[in-house]
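The residues making up each chain are set out below.
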Amino acid sequence: MAKARLAIIGTGGLAQSQHIPNLMRADHAELVTLCDLREDVLRNVAEAYPGCALETDHRKVLADPDIDGVVIATREDTHVSLTIEALATGKHVYVEKPLAETEAEAAKVMSALEASGKIVAVGMNRRMAPAYQYARKLLDGVGGATNMFYRITDSYSFTWGRSKGFGPNQRIVHEVCHIFDIMRFFAASEVRTVYCVSARPDDEQIVLTFANGTVGTIMSSGYANSDFPKERFEAIAQAGAIAVNEFCEVRQYSLSDTEPPVTTFPGHFHPNHDMTHVFLLKELGYEALQAVRRTTWKSGQRVKELEAAGETDTTEYKTLKRYGSRNPLANYFMDKGWLAAMDGFGQAILEGTPFPGATAIDGLRAAQITEAATQSRSTGQVISL
């Protein structure tokens, strides 16, 4: 089978945990080049994934006529410039979220895209998750959602957000953009008004109204530990309701007489990690995820306690460290659509068809909603789009 030839620009944590291993097993794409400014990181990745060309200058990657497209997984503030540069050289682009940090920057990408005739796919991959595809099908079967709720909670404010150097209130830009996109996906409509209230920085409730009359509420908080489930989607429809727990379980209530009340989905597989959870999630659904998440969190806490006590030569410490090294991150147990998005990108390039996931226009819409939410939070006003 022919495959689209892709390069990855930026081989940091997300590329290593998702894009690189997914491209290694995608049906319609193959990874041919790894590019990163950091030679030490590039060498380490190359050891784990031999066979790819290595490059520290992205301009040489973009000049390579044998490369069909690039996956941009660099710092957020480089997404726009690299996407525009890649389009100008005739490359298709899969760029991580957010596409842009402002509406004006996203508009620049739209202009470059129109001039290029290429594909710009955006890494808001949740709409490609099998559980969400299934939930959307059930909702559409009864006329769609009328009232939606989405919870997204994590440890952003005292772990990864701080470690990446993000300033206060940046969680909406860098993480909640995902949820703005998936709410648009489920509503099948555009956002018309945004209202945001905040208990403290990165601890908000956001209310969206849509052109078709659907309403949605987002609970967003960066103050939860990783033992607490990160995401839950609920929707009331014209007839019945649905709840999706952490991408691994869909519960439908009177939406369909032919579909089961509970449907479970396998977890996400990474070749360098233990895969027991893949089968547990399919067999037991949300119950399994809760147990695995809590066990992983507790083992991590115990490792910290032993390190603080200087007990790193103990059998317990070494065993827990081995367990942790083989376990994926708590938020990567479930299938959020990463592989489907990457394979869909390759297929769209090969067949000349539209990318089935989030595109540049969806990135633009997410930036518009983000700006409205931050404006609403600071002014206390409902913002119209």
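The following paragraphs examine the structure supplied in this document. (Residues numbered from 1 in each chain as written. Predicted model: local features only at pLDDT ≥ 70, side-chain atom pairs only at ≥ 80, totals over all residues. Heavy atoms only, no water.)

## A word on the overall build of the protein chain
Just so we agree on the cut-off: Runs of E in the DSSP output that reach at least two residues are strands. Runs of H or I that reach at least four are helices, and both are numbered from the N terminus. Taken over C-alpha atoms, the radius of gyration is set against a globule rule of 2.2 Å times the number of residues to the power 0.38. Note on exposure labels: buried denotes an accessible area under 20% of the residue type's maximum, exposed denotes more than 50%, and partly exposed covers the range between, all computed with a 1.4 Å probe on protein chains only. The contact criterion used throughout is that any non-hydrogen atoms of two residues lie within 4.5 Å. Residues counted as positive are Lys and Arg, residues counted as negative are Asp and Glu, and His and the chain ends are not counted. Positions of charges follow a simple convention, taking NZ of Lys, CZ of Arg, CG of Asp or CD of Glu.
Looking only at helices and strands, one finds 13 helices and 15 strands in the protein chain. Over its C-alpha trace the protein chain gives a radius of gyration of 21 Å, about what one expects of a compact globule, namely 21 Å for 385 residues. Projected onto the principal axes, the alpha-carbon positions of the protein chain cover approximately 60 × 55 × 45 Å. Each of the 385 residues in the protein chain was classed as buried or not, and the buried ones make up 53%. Sequence separation of 24 or more characterises 66% of the internal contacts of the protein chain that already satisfy a separation of 6 or more. For the protein chain, the centre of its 39 positive side-chain charges and the centre of its 47 negative side-chain charges are spaced 2 Å apart.

## As for the sheet that holds strand E7 (residues 145-153)
To summarise the sheet geometry, strands pair through backbone hydrogen bonds and adopt either a parallel or an antiparallel arrangement. The condition is simple: When DSSP finds two or more bridges between two strands, those strands count as paired. Fitting a line to C-alpha atoms yields each axis, with helices limited to the stretch in contact; the angle taken between N-to-C directions then spans 0 to 180 degrees.
With mixed pairing, nine strands are arranged side by side in an open sheet as E14-E13-E12-E11-E7-E10-E9-E8-E15. On the outer flanks of this sheet lie strand E14 (262-264) and strand E15 (383-384), each paired with one strand and no other. Here strand E9 (residues 203-210) pairs with strand E10 (residues 215-221) via seven bridges, running antiparallel. In the strand pairing of E10, Asp203 is matched with Ser221. Against the sheet, helix H13 (residues 360-379) contacts strand E8 (191-200), E9 and E15, and its axis sits at roughly 50° relative to E8.

## Considerations on the environment of Gly141
Tracing the backbone through its elements, the reader meets Gly141 in the loop between helix H6 (130-140) and E7. For Gly141, a relative accessible area of 63% puts it in the exposed group. As a C-alpha pair, Gly141 and Thr56 span 85 residues in sequence and 49 Å in three-dimensional space.

## Considering the sheet that holds strand E2 (residues 29-35)
A sheet is described by the order of its strands in space; here six strands give the open sequence E3-E2-E1-E4-E5-E6, paired in parallel fashion. Edge positions in the sheet fall to strand E3 (53-55) and strand E6 (120-122), since each has one partner strand and no second. Taking the axes of each pair of neighbouring strands and ignoring which way they run, one obtains an average angle of 25° across the sheet. Alignment of E2 against E3, held across three bridges, turns out to be parallel. Bridging across to E3, Leu34 finds its partner in Leu54.

## Overview of the pairing of strand E13 (residues 249-253)
Pairing of strand E12 (residues 241-245) with E13, which is carried by five bridges, proceeds in the antiparallel orientation. Directly across from Val244, in E13, lies its bridge partner Val250. Between the antiparallel neighbours E12 and E13 lie three residues, among them Glu246 with a positive phi of about 50°. Bridge count between E13 and E14: three bridges; the pairing is antiparallel. The residue of E14 that forms the bridge with Val250 is Thr263.

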